[in-house]
Amino acid sequence: MMTANEIRESFKQFFEGKGHKIEASAPMVIKDDPTLMFTNAGMNQWKDIILGTRDPEPRRRADSQKCLRVSGKHNDLEEVGHDTYHHTMFEMLGNWSFGDYFKREAIDYAWEYLVDVLHLNPQDIYVTVFEGSEEEGIARDDEAAEYWSKHLPADHIINGNKHDNFWEMGETGPCGPCSEIHLDSRSAKEKAEVPGASLVNKDNPQVIEIWNIVFMQFNRKSDGSLQPLPMHVIDTGMGFERLVRSLQGKTSNY
Ligand code: SER
């Protein structure tokens, strides 16, 4: 069985092998961004790059970022102690592309890492894609669904709404449609009785999101409008403790 340290290392090695520079975790207290008090996602330290005001080179990077979700848009304080998979402080494994690869490679890399490297069973994997939003003027993410369909049957690819499948850093800032990867770790008997697809995003303690792949395409302005970003960005975040727990065959992060 892989230890937590070995799992973190294998993530970094995998993305290094795909040409990513391995970066250090940024401090959890944010210094130069009045819109955010604590680091709530791996992408925070790259916000200026994503908005086009800082040099994007090298365009491929990966890290494990320490995050705190206790305030603002991403606040998990009330979840802790009530389920098996939320934390206030956690580590987020992430890979980025700043105007380099986009949806196809991001999906293929995630699949290769989970299935070929970590040997997760494809039958236990479900993914969600953004169903679109009339209000935002964005169509369903058919492109992401098509790339997933190379790896998964149609009943493992689920539409998700704006709440779950449109990720935003805060009230303003970088955002975009996303595709989440969920893992069904129930017993064989339970899986035979109730299909995992019906339990995705339904608070089942053994059917949990492990990885979010965000296709950053917009900057949310303070008037609520969406401004296209200067380049397409991949921002992924995998819950390190959730991944470790799943690979170690445990039923709770705790
Ligand atoms: N920013 C996204 C998240 O926090 C993916 O890294 O889920």
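Predicted model, so just to flag it, every value in this text is computed and none were measured.

Student: I keep staring at the packing of aromatic side chains and nothing clicks. Help me out?
Tutor: The geometry of an aromatic ring pair comes down to the distance between the two centres and the angle between the two planes. The tally for this structure, following the rule as stated, stands at 14 aromatic pairs. Measuring from ring centre to ring centre gives 5.6 Å for Phe11 and Tyr113, while their planes differ by 85°; the resulting arrangement is edge-to-face. Of this pair, Phe11 sits in helix α1 (residues 4-17) while Tyr113 sits in helix α3 (residues 103-117), and the two are 102 residues apart along the sequence. Judged on exposure class, the residue Phe11 and its partner Tyr113 are both buried. Seen in terms of ring centroids, Phe15 and Tyr109 are 6.2 Å apart; in terms of plane orientation they differ by 80°. Their pairing is edge-to-face. In this pair, Phe15 is assigned in helix α1 and Tyr109 in helix α3, connecting sequence segments 94 residues apart. Of the residues examined, Phe15 reaches a relative accessible area of 0% and is grouped as buried.

Student: Please clarify how the site of the ligand should be interpreted in this entry.
Tutor: Looking at the ligand, the residues that line it are Ala41, Met43, Arg69, Met92, Trp167, Asn212, Val214, Asp235, Thr236 and Gly237. Here a nitrogen atom of the ligand sits 2.6 Å away from a polar atom, N or O, in the side chain of Asp235. In this structure, an oxygen atom belonging to the ligand sits 3.3 Å away from a main-chain N or O atom of Thr236. Here the ligand is seated within the largest pocket. Breaking the shell around the ligand down by element, the ones donating at least two residues are β10 (207-220) and β11 (226-239). Broken down by element, the shell around the ligand gets its largest block of residues, 3 residues, from β11.

What counts and what doesn't
- Residues numbered from 1 in each chain as written.
- Predicted model: local features only at pLDDT ≥ 70, side-chain atom pairs only at ≥ 80, totals over all residues.
- Heavy atoms only, no water.
- Phe/Tyr/Trp six-rings, centres within 6.5 Å; stacked < 30°, edge-to-face > 60°.
- Helix = DSSP H or I, 4+ residues; strand = E, 2+ residues; numbered from the N terminus.
- Buried < 20%, exposed > 50% of the residue type's maximum accessible area, 1.4 Å probe, protein only.
- Near = heavy atom within 4 Å.
- Polar contact = N/O pair within 3.5 Å; in protein donor to acceptor, adjacent residues only side chain to side chain.
- 1 Å grid on protein atoms, 1.4 Å probe; cavity = no way out; pocket = protein on both sides within 12 Å on 5 of 7 lines; lining within 4 Å.
- Sits in = over half its atoms within 2 Å of the grid points.

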